[in-house]
Amino acid sequence: MSTRSVLFVNLRRIKREGFESLVAARRLGYRVVLLGRALPEFATELVDEFHQVDTYDTELALKTAREIAANNDIAGVVNFTEIDVQLVAAIAAELGLPGMPVEAAVRARNKLAMKNALTHIDGVLPKFARVGDLADLREAVAHIGFPCVVKPTGASGSKGIFELHGEADLEPAMAELSRIADPAFDAVFRQFGAEFIVEEYLTGDELSVEGFVAAGQVHSLLLTDKVTTVPFHLEVSHRLPSVLPAAAQEQIMARAAEIVLALGFDNCSFHLEAKWDGERMGFIEVAARPAGDYIASHLVKAATGVDFFANVIRVATGEPLRLTPDRDLHAGLRFVFAEHEGTFDGLDGVTELFEEPGYDHVFTEVTPGSRVALPPANFGSQRVAAVCARANSREGLDALLDAAGDQIKVRLS
Ligand SMILES: Nc1ncnc2c1ncn2[C@@H]1O[C@H](COP(=O)(O)OP(=O)(O)OP(=O)(O)O)[C@@H](O)[C@H]1O
Ligand SMILES: [Mg+2]
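Residues numbered from 1 in each chain as written. Chains lettered and ligands numbered in written order. Predicted model: local features only at pLDDT ≥ 70, side-chain atom pairs only at ≥ 80, totals over all residues. Heavy atoms only, no water.

Per an unreviewed UniProt entry, the protein is named Phosphoribosylglycinamide synthetase, and its organism is Nocardia interforma ATCC 21072.

Take a look at the structure:
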């Protein structure tokens, strides 16, 4: 093993994704130094050195990163999480490592700064406006019209996405958003606080683009088709590669490249979310990190053979990317939802499900015995499990994911 190290800033909350990210660095021969709020149990044997820091405290985190670099040969600094994009950019700049420009990192994290930087690109943005309070929202909606969506500018994980269909929806949405946009509810709100954006409602098929920017070059790997719940837009399923027509995919890839370059992204992975209305792409947002929901950690590899997480390490250390597929399969996942609140007691039907070889994994996302609640009380716990499958065709994949939804039952008490 080399004596060079990769500096990780925090790990993804989902253990299996965190695990895969650490394994990717080790497989490429690096030591792992972790700077983060906590060292989860599963990571102890994969992390060579752990430095516990409140990573919301940028000055302290930067100081610790400098100390780490003084004692280690750091080849690159990586984030797999949304909230650490800016800190990782700042550390890369400070240590002279490949990274994303610090100004671009703000645009990656704040949905308003992001949209403000893209107004010159024709026809991709929904109408949008900044919202601080109910009066702002009323004024903005008068201009944007219904339906529209109001959401926090700096959150992720679909925390606080409210559809607005008429005047009566404005006050309840703002009341909920003011309650949610509080660091006590979720620490993500320590970064941008109670700032919101209202957007015209985009229609069409929802999708994401998974890719990288390396030394100023955009590499869009593939498109993922996505389905979300009504009305809170929690992800239900992801299927890849997309089956949109080739001409649509070409246009979307071209738009995605234009967007990430206009934002100044560089030396990072990206996960761009959009809708395709049959004629044009409507842009939702782009994250400067790999996709979650097991897309980057498991599905891309299952469908194409490309190791997305290994490439996240490569882009951070300045190594050439390896993005050539070695297979041509269809992979996807569907979440299993709790139908009401209660205590999660486990899943029925899993053993029977695995009689069918197309299923790769069933992951639980909630610990058995814990309470689950539905949005808007809680945005994270309704999805209790995820089923991943693989097939030779999209039809085959659809059949597997549909059957999984029927077969797996959530036990609640
Ligand atoms: N302008 C819009 N028009 C239509 N749907 C939207 C719009 N904005 C958001 N949504 C829906 O809400 C979802 C979450 O929105 P967004 O990606 O902006 O928030 P997020 O908190 O970053 O979510 P996540 O981390 O899950 O991607 C989108 O994937 C989409 O389904
Ligand atoms: Mg999003």
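Alright, that's what it looks like, and here's the rest.
Help me understand the domain arrangement of the protein, please; the structure alone is not making it clear to me.
Many descriptions give the size of an interface as the accessible area lost when the pieces come together. Here the domain parsing of the protein yields domain 1 (4-97), domain 2 (101-118 + 203-328), domain 3 (127-200) and domain 4 (332-413). The interface is formed by 12 residues belonging to domain 2 together with 18 residues belonging to domain 3. Summed over both sides, the interface between domain 2 and domain 3 buries roughly 1,400 Å², with carbon and sulfur atoms accounting for 54% of that surface. Its largest share of buried area at the contact with domain 3, domain 2 owes to Arg109, Lys111 and Leu112, together 45% of the area lost on that side. Put simply, domain 2 and domain 3 have 1 salt bridge between them. Between lysine 115 and glutamate 199 there is a salt bridge, with the nearest N and O atoms lying 2.5 Å from each other. For the side of domain 2 that touches domain 3, the element with the highest residue contribution is helix H5 (residues 111-116), accounting for 4 residues. Residue composition of the side of domain 2 that touches domain 3, grouped by class: 5 nonpolar, 3 polar and 4 charged. (Domains from an automatic or database assignment. Contact = heavy atoms within 4.5 Å. Buried area = accessible area lost by both parts, 1.4 Å probe. Salt bridge = Lys/Arg side-chain N within 4 Å of Asp/Glu carboxyl O. Helix = DSSP H or I, 4+ residues; strand = E, 2+ residues; numbered from the N terminus. Nonpolar A, V, L, I, M, F, W, Y, C, P; charged D, E, K, R; others polar.)

I'm lost on the sheet that holds strand S8 (residues 196-200) in this one. Help?
Pairing in this open sheet of 4 strands is antiparallel, and the strands run S5-S8-S6-S7 from one edge to the other. Edge positions in the sheet fall to strand S5 (128-131) and strand S7 (162-164), since each has one partner strand and no second. Strand-to-strand twist across the sheet, computed as the mean angle between neighbouring axes with direction ignored, equals 25°. (Pairing = 2+ DSSP bridges. Axes fitted to C-alpha atoms, helices over the stretch in contact; angles between N-to-C directions.)

Explain the side chain of glutamate 285 here, please?
Tracing the backbone through its elements, the reader meets glutamate 285 in strand S13 (residues 281-287). Residue glutamate 285 is classed as buried on the basis of its relative accessible area of 17%. In this structure glutamate 285 touches Lys111, Met114, His271, Leu272 and Glu273, once residues within four positions along its chain are discounted. (Buried < 20%, exposed > 50% of the residue type's maximum accessible area, 1.4 Å probe, protein only.)

Teacher, can you tell me more about the coordination of the magnesium ion (ligand 2) here?
Angles between donor atoms at a metal ideally measure 109.5 degrees for a four-coordinate tetrahedral arrangement and either 90 or 180 degrees for a six-coordinate octahedral one. Coordination sphere of the magnesium ion (ligand 2), protein contribution only: Glu273 (OE) and Glu285 (OE), at 1.8 to 2.0 Å. Here glutamate 273, found in strand S12 (residues 268-276), pairs with glutamate 285, found in strand S13; they are 12 residues apart in sequence, far enough to count as distant. (Donors = N, O, S within 2.8 Å, 3.2 Å for Na, K, Ca; no water.)

Sorry if this is basic, but what is going on with the packing of helix H1 (residues 15-27) against helix H10 (residues 295-304) here?
Axis angle and axis distance: for two packed helices, these are the angle between their axes and the distance between the axes, and together they describe the pair. Following both chains from N to C, one finds H1 and H10 inclined at 65°, their axes separated by 9 Å at the closest point. As judged from the angle between their axes, H1 and H10 are roughly perpendicular. Judged by residue contacts, Arg16, Glu17, Glu20 and Arg27 of H1 engage Ser297, His298 and Lys301 from H10. Classifying every residue of the contact of H1 with H10 by side-chain character gives no nonpolar, 2 polar and 5 charged. (Parallel < 35°, antiparallel > 145°, perpendicular 65-115°, else oblique.)

So what exactly am I meant to see when it comes to the site of ligand 1 here?
Taken together, 22 residues are adjacent to ligand 1, and Lys111, Lys151, Gly157, Glu206 and Glu285 come closest. Take lysine 226: an N or O atom from its side chain is 3.3 Å from an oxygen atom of ligand 1. Glutamate 285 has a polar side-chain atom sitting 2.7 Å from an oxygen atom of ligand 1. Starting from 600 Å² of accessible surface for ligand 1 in isolation, the protein chains cover 97%. Put simply, the parts of the chain that give the shell around ligand 1 at least two residues each are strand S6 (148-152), S8, strand S10 (217-228), S12 and S13. Considering only residue class, the shell around ligand 1 consists of 6 nonpolar, 5 polar and 11 charged. Mapping the shell around ligand 1 onto the domain boundaries places at least three of its residues in each of domain 2 (101-118 + 203-328) and domain 3 (127-200). (Near = heavy atom within 4 Å. Polar contact = N/O pair within 3.5 Å; in protein donor to acceptor, adjacent residues only side chain to side chain. Areas by Shrake-Rupley, 256 points an atom, 1.4 Å probe, with all protein chains shown as cover.)

Is there a simple way to think about the pattern of salt bridges in this case?
For side chains bearing opposite charge, pairing can occur when the charged atoms are close. The final tally for this structure, using the stated rule, is 31 salt bridges. Ionic pairing is found between arginine 27 and aspartate 307, a salt bridge with its closest N-O pair at 2.2 Å. With arginine 27 in helix H1 and aspartate 307 in the loop between H10 and helix H11 (308-317), this residue pair connects regions lying 280 residues apart in the sequence. The exposure class assigned to arginine 27 is partly exposed, which follows from its relative accessible area of 45%. Aspartate 307 gets classed as buried once you look at its relative accessible area, which sits at 17%. If you follow the salt bridges from partner to partner, you end up with Glu206, Lys226, Glu235, Glu273, Asp293, Glu365 and Arg383 in one network.

I tried to follow the nonpolar core on my own but got confused; where do I start?
For soluble globular proteins, nonpolar side chains are generally found buried alongside one another. With 47 residues, the main nonpolar core has Phe8, Leu22, Val78, Leu240, Val300 and Ile313 as its most contacted residues. Apart from the residues lying within four places of it in its own chain, the contact partners of leucine 22 are Phe8, Leu11, Val32, Phe42, Ala43, Leu46 and Val47. If you look at the next biggest cluster of nonpolar residues, it comprises 35 residues, including Leu118, Val124, Leu263 and Cys268. (Core = buried A, V, L, I, M, F, W, Y, C linked by side-chain atoms within 4.5 Å.)

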